[in-house]
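# Secondary and tertiary structure notes
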Amino acid sequence: MQDATLRFYVLTSRNFKCLKRHFVSLPKQHTTVIINTLDKEYESLVQDWCFREKINCVATESNGKPGKGKNAVLDHFLDSDYDYMVQIDGDDFLQPHGVNLYTWVAHNDAPDGIQIVYSYTWDGGLKDLGYAPFPWDDEFVDYMQQRIEKHPETRAHLEYMYQNKAKYEALYITHTQQNAKWNYPRDSIHYMDCARLIFYSRKLASAVRFREDLLIGEDSLVNYQVRDMAVKGQIKLSKVKDKIEKTYWYDLTNSGIVKRSQKEADWEWLEALNNAVEEESKNWTVSEGFILEQITHDIQVVQHIDLGDLNE
């Protein structure tokens, strides 16, 4: 049964096709679409469609960074009468089981937050997702030459990355070391796997804020912060192993900022994120042995939806 306890939020900045498919599973009456984009044409398109579909929709100020949109979600939720929220990125998909599970949790001694670990990804059966090699990999030169031949406008960026490959390799090593230390060591399938804070109480939503100056990693930073808050007893934080539950699908065929950066061999974001984690981690007290309590339930798991069927 769904009532005013839980609100679903879809944050969108692009990709109208992906936005529309959310409502195969999401209840329109308990969902808000937050538009956070610099593309005014896309903003108008989504507003018109949501109006026709009777879906609550809010256009918010964007600076081109994801943290700005995620803070807009927090602000809208805190201004509502709902007790809990689920935040979904526009390119991804919350399965019907996810809708059912998080609704059930909201009515059954809910924690302040739920982290998805062991994330589930969908690649549409594609063997090659078009990711570029690292600038410090041997095959980067061949990739660079082929890319420039097809897209001459990429020359300056790719040559810069190659010329500065030692710098970016060092930054990437620091990034992996930080992940190995802070990215849920005993709760993740791999230290580079992305944990996701999907479920918030009002208490948690009012206690966190996303960095609005980071192009990538604003969610990782908040993930680490809330884990430390849980250790200190400030919030109750639980986990869902999504390789088992399959509540939330990352769609690699409609990749977000991180995947786009990998396709374009763009590693400019590393330094800013590394510095942010280094600064914030001075206040963290999480031990290596800390582990999150897993959400257990007795609800029936409904059949998942294949995103390939929705993309046709």
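Residues numbered from 1 in each chain as written. Predicted model: local features only at pLDDT ≥ 70, side-chain atom pairs only at ≥ 80, totals over all residues. Heavy atoms only, no water.

## Observations regarding the sheet that holds strand E11 (residues 293-294)
Put simply, the test is: Any two strands with at least two DSSP-identified bridges between them are counted as paired. By definition, any uninterrupted DSSP run of H or I lasting at least four residues is a helix, any uninterrupted run of E lasting at least two residues is a strand, and each is numbered from the N terminus. The criterion used for residue contact is that any of the two residues' heavy atoms lie within 4.5 Å. Angles shown run from 0 to 180 degrees and are taken between the N-to-C directions of axes, each axis being a line fitted to C-alpha atoms and, for helices, limited to the stretch in contact.
Read from one edge to the other, the open sheet built from eight strands follows the order E3-E2-E1-E4-E8-E6-E9-E11, with strand pairing classed as mixed. The open sheet is flanked by strand E3 (56-59) and E11, the only strands paired with a single partner. Relative to strand E9 (residues 237-241), strand E6 (residues 113-117) is paired through five bridges, and the arrangement is parallel. Following the sheet pairing, glutamine 115 is matched in E9 by lysine 239. Sheet strands touched by helix H9 (residues 218-231): E6, strand E8 (196-201) and E9. Its angle to E8, the strand with the most contacts, is close to 55°.

## With respect to the nonpolar core
To keep it simple, the criterion reads: Among buried residues, those of type Ala, Val, Leu, Ile, Met, Phe, Trp, Tyr and Cys that are joined through side-chain atoms within 4.5 Å constitute a nonpolar core. Here the term buried applies to any residue with accessible area under 20% of the maximum for its type, exposed to any over 50%, and partly exposed to those in between, with areas from a 1.4 Å probe on protein chains only.
Of all hydrophobic cores here, the largest spans 51 residues; its most connected members are Tyr200, Leu204, Val208, Val226 and Leu237. Looking at this core, the element that brings in the most residues is H9, giving six residues. In this structure, leucine 204 is in contact with Asp112, Gly113, Leu197, Phe199, Val226, Met229 and Ile235, ignoring residues within four places of it in sequence. If you look at the next biggest cluster of nonpolar residues, it comprises 33 residues, including Leu19, Tyr42, Ile55 and Leu101.

## Topic: the environment of leucine 237
Along the chain, the position of leucine 237 falls in strand E9. Looking at leucine 237, the relative accessible area reads 7%, which means it is buried. The sequence separation of leucine 237 and leucine 197 amounts to 40 residues, and the corresponding C-alpha distance is 9.6 Å. Each residue touching leucine 237, except ones within four places of it in the same chain, is listed here: Gly113, Ile114, Gln115, Tyr184, Leu197, Val226, Arg227, Ala230, Leu292 and Glu293.

## Quick look at the pattern of salt bridges
Condition: A pair is scored as a salt bridge if a Lys or Arg side-chain nitrogen falls within 4 Å of a carboxyl oxygen belonging to Asp or Glu.
Across all of its chains, the model carries 15 salt bridges by this definition. Connected through shared salt-bridge partners, Lys70, Glu218 and Asp219 make up one network.

## Quick look at the packing of aromatic side chains
Here is the rule: Whether two aromatic rings pair depends on their centres lying within 6.5 Å, for rings of Phe, Tyr and Trp, where Trp uses its six-membered ring; planes under 30 degrees apart make the pair stacked, over 60 edge-to-face, and the rest tilted.
If you walk through the whole model with that rule in mind, you get 17 aromatic pairs. For the ring pair tryptophan 182 and tryptophan 284, a centre distance of 4.9 Å and an interplane angle of 80° mean the geometry is edge-to-face. Of this pair, tryptophan 182 sits in helix H7 (residues 165-182) while tryptophan 284 sits in the loop between helix H12 (270-280) and E11, and the two are 102 residues apart along the sequence. We classify tryptophan 284 as buried; its relative accessible area is 10%.

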